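# Analysis of the macromolecular model
Okay, here's what each chain looks like letter by letter:
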Amino acid sequence: MGIKMGYALDQNGAKWDAQTYQKGQGAEPLKCEHCGVNVTHNPPYPKEIYDKPVLVSGYFRLYPKRPHAAGCRFGIDNEVVEIAKTSDGLIESLRNNRYRMRLVMIKEALEQASTSRNNGGSENRAGTGKTYPSNPGRLPAYINSAKRALKLRAACTDDQELQVHLELVFEGNVNVAWSQFYFEAERHMEAFHAVSQNTVQHPIAIQGRAKEVKYAIHGVESKNVINLLMNRFRPDPEDPANGIGLEVSIWASDASWFKGIEKDDEILVLGMWRSNIKAPSPATHGGRYKTFTTRRLTLTLVLKTQVSKV
Ligand SMILES: [Zn+2]
């Protein structure tokens, strides 16, 4: 529940570190070091990321239905209010401390900015007549606000509490679950399903580790790509001799947009993705699979800030 906390205080005011704390230590119950609400400990635990076991850091968290006090810096509601303030209308206030982010505004602004680039920066065509006008000039503010919301999500234990305070809506006020908007490395294939199966695409954020950053492919200066580290090939449920993998790539026509991003950096990419499937290729070295099928998710950047280090 809520934002993960690295430290907590016990009843005597002693401070405990979530990495080294063990059950039963200190004068319980432990509490939030800022507002004093009771918290509980989640010890470090192993998890498979990119098919390798990794120890996930320990943290302190809230008990269900017992939020931080108003104004506590670990309160999600507090954070959402702050992000909404500078969102240029992307995030609107509803009743009862709830907010709503309009993904359609990001989509339209991206499309308009893209059209504008392709036309050499000339005037955009008129809007598409949707109910909520978006402004491509506001795209940096939209992207920035969405990124702040995504970073808040990444700092939380799960989707639940954020879902309550910040709902996501798309065209026709259709609700989008956070699980269909934000995908970490182990859920990349779910992102592929979302993109390939949704008849109407909404913006999606994918987080992953850069496997390589390539510039001027085949000597073409406008062809630059970041490939994310792939998860292992999995057996095709309909044909176990066929291994299925997913390649996630981010393209930019301007090489400087990748400045500061290097191999092994953890990055977050927000925008409109496309999916396709390469024809199966035969395995060359024997082994478990006779063929390999690579699925692909690709995104072409319209704005540098669509990609950022986490
Ligand atoms: Zn607190």
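Given the structure is predicted, the values throughout are model-derived calculations rather than measurements.

## Here's the deal with the domain arrangement of the chain
- According to the domain assignment, the chain contains domain 1 (1–69), domain 2 (75–180) and domain 3 (195–309).
- Measuring from the centre of the C-alpha atoms in domain 1 to the corresponding centre in domain 3 gives 35 Å.

## Concerning the coordination of the zinc ion
- The zinc ion binds to the protein through Cys32 (SG), Cys35 (SG), His68 (ND1) and Cys72 (SG), with metal-donor distances spanning 2.1 to 2.4 Å.
- Taken together, the four donor atoms coordinating the zinc ion and their angles of 106 to 114° define a geometry best described as tetrahedral.
- Classification of cysteine 72 as buried rests on a relative accessible area of 5%.

## Overview of the pairing of strand β19 (residues 291–300)
- Note that strand β15 (residues 239–252) and β19 share 10 bridges and pair parallel. Residue pairing for β19: isoleucine 244 is matched across the bridge by threonine 293.
- Two elements, strand β17 (residues 274–277) and β19, share four bridges in a ladder whose sense is antiparallel. Residue pairing for β19: arginine 274 is matched across the bridge by threonine 298.
- For strand β18 (residues 281–282) and β19, the ladder comprises two bridges, and the chain directions are antiparallel. Across the sheet, the residue bridging to serine 281 is phenylalanine 292, located in β19.

Reading guide: rules and limits
- Residues numbered from 1 in each chain as written.
- Predicted model: local features only at pLDDT ≥ 70, side-chain atom pairs only at ≥ 80, totals over all residues.
- Heavy atoms only, no water.
- Domains from an automatic or database assignment.
- Donors = N, O, S within 2.8 Å, 3.2 Å for Na, K, Ca; no water.
- Tetrahedral: all angles 85-135°; square planar, octahedral: opposite > 155°, others 65-115°.
- Buried < 20%, exposed > 50% of the residue type's maximum accessible area, 1.4 Å probe, protein only.
- Pairing = 2+ DSSP bridges.
- Helix = DSSP H or I, 4+ residues; strand = E, 2+ residues; numbered from the N terminus.

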